[in-house]
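Structural overview
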Amino acid sequence: MNPFQLISKYILGKPNRDEYEALESWKNESEANLEALRQTIRINEVSNDLREYQQVDKKAAWQKVEQRIGAETHIIGFKHWGKIAAVAVLILASIFVIQSGNDVITPEARVYTSTGEQIKLDDGSIIDLDQKSVLTASQSRTVKLSGRAYFDIAPDKTKPFTVEINHGVVTVLGTEFNITTDSLFSQIYVTEGRVKHTYNGEEYILTVGDMLTIIGDKVELTKDQTSQVTSWKSKELNFVNENLHNVMKGIGSFYNVQVEFPAKMNEDDCKINTKYTSETLDQVLKELAVIVRLKYEIIQGKVIIKSFKC
Amino acid sequence: MDRLIFKQFFETHYSPLCNLAYRIIGDIDKSEDIVQDVFVKVWNNRDQLDKDRNIKSLVYTMVKNHSLEVLRRDGIGLRVVRIISKAEEDIQSNIQEEEIENYKLLDQIYVSIRQLPPKCGEVFTLSKVNGLTYTQIAERMNISVKTVENHMGKALKLLREMIIPKP
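Here goes a summary of the coordinates provided.

About the criteria used
Residues numbered from 1 in each chain as written. Chains lettered and ligands numbered in written order. Predicted model: local features only at pLDDT ≥ 70, side-chain atom pairs only at ≥ 80, totals over all residues. Heavy atoms only, no water. Phe/Tyr/Trp six-rings, centres within 6.5 Å; stacked < 30°, edge-to-face > 60°. Helix = DSSP H or I, 4+ residues; strand = E, 2+ residues; numbered from the N terminus. Buried < 20%, exposed > 50% of the residue type's maximum accessible area, 1.4 Å probe, protein only. Lys NZ or Arg CZ within 6 Å of the ring centre and 35° of its normal. Core = buried A, V, L, I, M, F, W, Y, C linked by side-chain atoms within 4.5 Å. Contact = heavy atoms within 4.5 Å. Pairing = 2+ DSSP bridges. Axes fitted to C-alpha atoms, helices over the stretch in contact; angles between N-to-C directions. Salt bridge = Lys/Arg side-chain N within 4 Å of Asp/Glu carboxyl O. Buried area = accessible area lost by both parts, 1.4 Å probe. Polar contact = N/O pair within 3.5 Å; in protein donor to acceptor, adjacent residues only side chain to side chain. Nonpolar A, V, L, I, M, F, W, Y, C, P; charged D, E, K, R; others polar.

Take the packing of aromatic side chains next. Following the criterion strictly, the structure yields 10 aromatic pairs over all chains and no others. Judged by centre distance (5.8 Å) and plane angle (75°), the rings of Phe6 of chain B and Phe39 of chain B are edge-to-face. Pair noted here: Phe6 of chain B is in helix H1 (residues 3–25) and Phe39 of chain B is in helix H2 (residues 28–44), with a separation of 33 residues, a long-range link. Each member of the pair, Phe6 of chain B as well as Phe39 of chain B, is classed as buried. Of the aromatic side chains, those joined through ring pairs into one cluster are Trp62 of chain A together with Phe6, Phe9, Phe10, Tyr14, Phe39 and Trp43 of chain B. A cation sits over an aromatic face here: Arg46 of chain B above Trp43 of chain B, 3.7 Å from the ring centre.

Next up on the list: the environment of Gln139 of chain A. Residues and elements named next belong to chain A. Here Gln139 is to be found in strand S4 (residues 134–139). Residue class for Gln139 comes out partly exposed when judged on its relative accessible area of 38%. Sequence separation of Gln139 and Arg110 is 29 residues, and the distance between their C-alpha atoms is 8.7 Å.

To continue, consider the nonpolar core. Of all hydrophobic cores here, the largest spans 33 residues; its most connected members are Val65 of chain A together with Phe6, Tyr14, Leu17, Phe39 and Val63 of chain B. Of all elements in the fold, only helix H4 (58–69) of chain A together with H1, H2, helix H3 (55–74) and helix H5 (97–113) of chain B reach the threshold of two or more residues within this core. The element best represented in this core is H1 of chain B, accounting for 11 residues. Ignoring any residue separated from it by four or fewer positions in sequence, one finds Tyr14 of chain B in contact with Val56, Asp57, Lys58 and Ala61 of chain A together with Phe9, Glu32, Val35, Gln36 and Phe39 of chain B.

All names here are of chain A. Ordered by their spatial adjacency, three strands build an open sheet running S15-S18-S17, and the pairing between neighbours is mixed. Both edges of this open sheet fall to strand S15 (258–260) and strand S17 (295–299), since each of them pairs with a single strand only. Strand-to-strand twist in this sheet, taken as the mean axis angle between neighbours without regard to direction, amounts to 25°. Looking at chain direction, S17 and strand S18 (residues 302–307) are connected through five bridges and run antiparallel. Each residue of the ladder has a partner; that of Ile298, found in S18, is Val303.

All names here are of chain A. Under the definition given, this model contains 17 salt bridges over all chains. A salt bridge links Glu260 to Lys302, with the nearest nitrogen and oxygen atoms 2.9 Å apart. Highlighted residues: Glu260 in strand S15 and Lys302 in strand S18, separated in sequence by 42 residues. On the accessibility criterion, Glu260 (35% relative accessible area) is partly exposed. Under the relative-accessibility criterion, Lys302 is labelled partly exposed at 26%.

On to the interface of chain B and chain A, then. In this complex, chain B contributes 47 residues to the contact, which on the side of chain A involves 41 residues. With both sides pooled, the region where chain B packs onto chain A buries about 4,700 Å², and carbon together with sulfur makes up 62% of that total. For the pair chain B and chain A, the interface holds three salt bridges. One salt bridge connects Arg68 of chain A with Asp37 of chain B, and the closest N-O pair in it is separated by 2.8 Å. In this structure, the connection of chain B to chain A is made through 13 residue pairs in polar contact (both at pLDDT 80 or more). Of all the elements in the fold, those that place two or more residues in the side of chain B that touches chain A are H1, H2, H5, helix H6 (118–128) and helix H8 (145–163) of chain B. Class assignment for the residues of the side of chain B that touches chain A results in 22 nonpolar, eight polar and 17 charged.

Here it is as structure tokens:
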């Protein structure tokens, strides 16, 4: 009998004498064994309180709290920035007198996090920032993104707008596009106009409907006219006679999770009609379990499809 | 405290705090109100917070005391008598670190259940959430009591691996 079976026997209360002794000697073998036993007992005991556990909507609660504490974007280290900015302006002003005619770069870095409100930059550009995403605006028309955002950039032919992402730089003249970026994965999707992406010395020009996906050093350009990648922004997913592959693709970008189909399941001819707005991922998957008998597993934040029936 | 840190703190502790308040007053809507009030209070007074003070312990203590106040004011019935007399002794005193950790752990367990293999998660839920006995679970799922025990053991093992970081 392996140690873990012994532990569960012990915790669940019915070890016989031999089992009890086997566990005792295993427990005394090492500090790690003892710790494992303690932790498991604790998890078992705390779990007994699950009967009274109440689920709450953190997102809605945060919005309420945010309304009460003021939802304006926060400038990190405001007090200190005030000082630094004052000093910097002073120094720049004196340089400016001596070398007038040079461009003065405003020494101001703003860090935005998602507040549920659109970010309006000084140049008129509007940015929707998703949850858990951070946008740093270091100077006029230059930002750095980690996470997911939708950009509506004010045109300015003289000064391109650039977005630094984990995989390269996106340069824009005036357009609308969606970016998701983290250390492993970046994705750019253009809904209007043109953007240029530069990474590892390679350039890609993207136009409407182009989706550029970068995983590590692999760059892939695809056309995706019906993409739901921007659905997170409108907070609504709407499917009309859509097959399951596309539905899952939409759900993946809406909830920002990866979805994996078994390799043999290339296409399907399900016809799914449904609409999601404020449902949790869990609720959506449970609904699909009813509609198409979807069987799935969630492993490390990845939804893995096991089977389904149209 | 800047907003990002405040928000992260909220994300981690909001649900455990609501459950702490709920255990005292037995009404989840009121519990949420209490916790939100405390968060707003903390934010509005962030300049006066002592840097060395343990914010986590402060917030949990505030929620607990606030809940007890609400219970005294609005509560009726046996629940009140039972809880207040139990809490009387430690009211106004700081909440213990272990109690805080237990609320956080409960929250992590709840979130992690859905990552368990389906049968295993079902058995664990029926036992711990719905309070069924192993025999009842066995009948309901048409499996043997032995299998129920195995699933429970596996669930505890997996939960521990998911929740407690490897050293």
